[in-house]
2 protein chains.
Amino acid sequence: MERMSGTARDAEAVSRFVETFAAQLVEAGMQRMAARVFAALLSSDEGAMSSAELAEQLRISPAGVSGAVRYLSQAHMVAREREPGSRRERYRVHGDQWYAALTNRDAVIRRWEGALREGVESLGPDTPAGRRMAETLAFFEFIEGELLTMMERWRVHREQLFGEPGEPGEPEPGEPGEF
Amino acid sequence: MERMSGTARDAEAVSRFVETFAAQLVEAGMQRMAARVFAALLSSDEGAMSSAELAEQLRISPAGVSGAVRYLSQAHMVAREREPGSRRERYRVHGDQWYAALTNRDAVIRRWEGALREGVESLGPDTPAGRRMAETLAFFEFIEGELLTMMERWRVHREQLFGEPGEPGEPEPGEPGEF
DNA sequence: CGCTTCTTTCAGAAATTTGTGAAGTTAAGG
DNA sequence: CCTTAACTTCACAAATTTCTGAAAGAAGCG
């Protein structure tokens, strides 16, 4: 089932995966370009690509790459690194990517909680609507706590499966946090 | 801090909450109309409104309500019910709404897993890229399992907080599952 | 220091998404 | 059955988003 000479990757197969996986991410709410860039990085052997490589493989303009990368790095899903002594930048998915994505989800939830607290207060905690919102709020607070312990369990589980402890990589409280 | 006569709700305050909360949902990827309808239902005292009421409060056309409700009910976030002996339909947020929403998230994850499995296979499980994807896959499988037990813990937690056990409400494996 | 190479920003074209009016469909009530 | 109230679907207009080319902005390297 080996294709090509065994050394070169089957560009066709890579591309097919990139597009199907990206499509799923888009359907879940991610921007198209960002999804494609992310999928491409994920399926690259190095786990990192330069702007030019991305532009070529995905057939998009450098500007498009730039925008996608800005989105992804705000969501902490890729890291940018400079090849030492070169103007060329590389974008990398690191092992912590999903941890970071979920941490960001957490930021989103926190904003929801803020809105809900205001709602409870302005509608009155003793009205039926207020009680319903208070319950919703409680649910999110619960989830928030769970996320934390869940990621801890993942770290453990991961080591069991793969041995290596993932790179440390500071999760940082993080920006807006869209995705 | 009571406003109005105490019986009528402060329409202004409700509207303000609806719009701010909806805005947060939109930012997290939900369609605008769906978010507004959902927020309106959440902040209604009954937890249910008719199409006409929604159209009036949100100043949108019946067609808009129809579209939003279709989205929400596919995502299992609202239930539709018929007032017996009337052509009027009511849309209701039930206690299980978040459970349902997360169940749906689960469906999304399953689709991601499918794409990833194909990716691992077509790129080769022994290539660096293949290994990276396999790890991602493992992460999602882990999350999938966690979601299940998490919701169980929520049920328990919820009863502690509020006493009442939420309505049963069949979660159903569910359709596409956008949100 | 200026040249060259890469990246980002910006204004606008293109494509997609969203929301509406109007016609169509379903079902209650006479 | 026919009427009428309510919801849905559909085609299109409007708004928004996405992507690009061009120009401006950094940063290595001579």
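Just so it is clear, the structure is predicted and the values come from calculations on it, not from any experiment.

(A) Inspection of the packing of aromatic side chains at higher detail. A complete count under the given rule lists 16 aromatic pairs over all chains for this structure. Pairing Trp112(A) with Phe140(A) gives two aromatic rings, centres 5.3 Å apart and planes at 75 degrees, and the pair type is edge-to-face. Placement of Trp112(A) in helix α5 (residues 97–123) and of Phe140(A) in helix α6 (residues 128–162) is noted, with a sequence separation of 28 residues between them. Judged by centre distance (5.0 Å) and plane angle (80 degrees), the ring pair of Phe139(A) and Trp154(B) falls under edge-to-face. Of the two residues, Phe139(A) is situated in helix α6 and Trp154(B) in helix α6 (residues 128–162); the pairing between them involves two chains. In this pair, the class of Phe139(A) matches that of Trp154(B), namely buried.

(B) Quick look at helix α3 (residues 51–58) of chain B. All names here are of chain B. Taken together, the buried positions of α3 are occupied by Leu54, Ala55 and Leu58. Seen along its axis, α3 keeps its buried residues to an arc of 100 degrees; they face one direction. Its buried side turned inward, α3 meets α1 (11–27), α2 (32–42), β1 (48–50), α4 (62–74) and β3 (89–92). Just beyond α3, the residue with positive phi is arginine 59, at close to 55 degrees.

(C) Just the protein's contact with DNA strand C, in detail. Around DNA strand C there are 18 residues in total, and Arg80(A), Arg88(A), Glu89(A), Met33(B) and Gly85(B) lie nearest to it. Backbone sugar and phosphate groups make up 84% of those atoms of DNA strand C lying within 4 Å of the protein. Between DNA strand C and Ser66(A) there is a distance of 3.4 Å, counted from a phosphate oxygen to a side-chain nitrogen or oxygen. Arg88(A) is positioned such that a nitrogen or oxygen atom in its side chain is 2.8 Å from a phosphate oxygen of DNA strand C. If you list the elements that add at least two residues to the surface near DNA strand C, you get α4 (62–74) and β3 (89–92) of chain A together with α2 and α4 of chain B. No other element matches α4(A), which puts four residues into the surface near DNA strand C. Classifying every residue of the surface near DNA strand C gives six nonpolar, five polar and seven charged.

(D) Here's a closer look at the relation of the copies chain B and chain A. Take chain B, turn it by 180 degrees, move it 0.0 Å along the axis, and it overlays chain A with an RMSD of 0.1 Å. Here the symmetry operator amounts to a two-fold rotation axis. When each C-alpha of chain B is compared by its distance to the rotation axis, Gly29(B) comes out closest, at 2.6 Å.

(E) Focus on the interface of chain B and chain A. Contacts between the two partners involve 53 residues from chain B, matched on the other side by 53 residues from chain A. Across the interface of chain B and chain A, roughly 4800 Å² is buried in total on both sides, 67% from carbon and sulfur atoms. It is Trp112(B), Arg132(B) and Phe139(B) in chain B that bury the most area against chain A; as a group they hold 14% of the surface buried on that side. On the surface where chain B and chain A come into contact, there are six salt bridges. Here Arg111(A) ties to Glu27(B) by a salt bridge, and the two come within 3.6 Å at their closest N and O atoms. Our enumeration of links across chain B and chain A arrives at 16 residue pairs in polar contact (both at pLDDT 80 or more).

Cut-offs applied
Residues numbered from 1 in each chain as written. Chains lettered and ligands numbered in written order. Predicted model: local features only at pLDDT ≥ 70, side-chain atom pairs only at ≥ 80, totals over all residues. Heavy atoms only, no water. Phe/Tyr/Trp six-rings, centres within 6.5 Å; stacked < 30°, edge-to-face > 60°. Helix = DSSP H or I, 4+ residues; strand = E, 2+ residues; numbered from the N terminus. Buried < 20%, exposed > 50% of the residue type's maximum accessible area, 1.4 Å probe, protein only. Arc of directions from axis to C-beta. Contact = heavy atoms within 4.5 Å. Near = heavy atom within 4 Å. Polar contact = N/O pair within 3.5 Å; in protein donor to acceptor, adjacent residues only side chain to side chain. Nonpolar A, V, L, I, M, F, W, Y, C, P; charged D, E, K, R; others polar. Least-squares fit on C-alpha atoms with pLDDT ≥ 70 in both. Buried area = accessible area lost by both parts, 1.4 Å probe. Salt bridge = Lys/Arg side-chain N within 4 Å of Asp/Glu carboxyl O.

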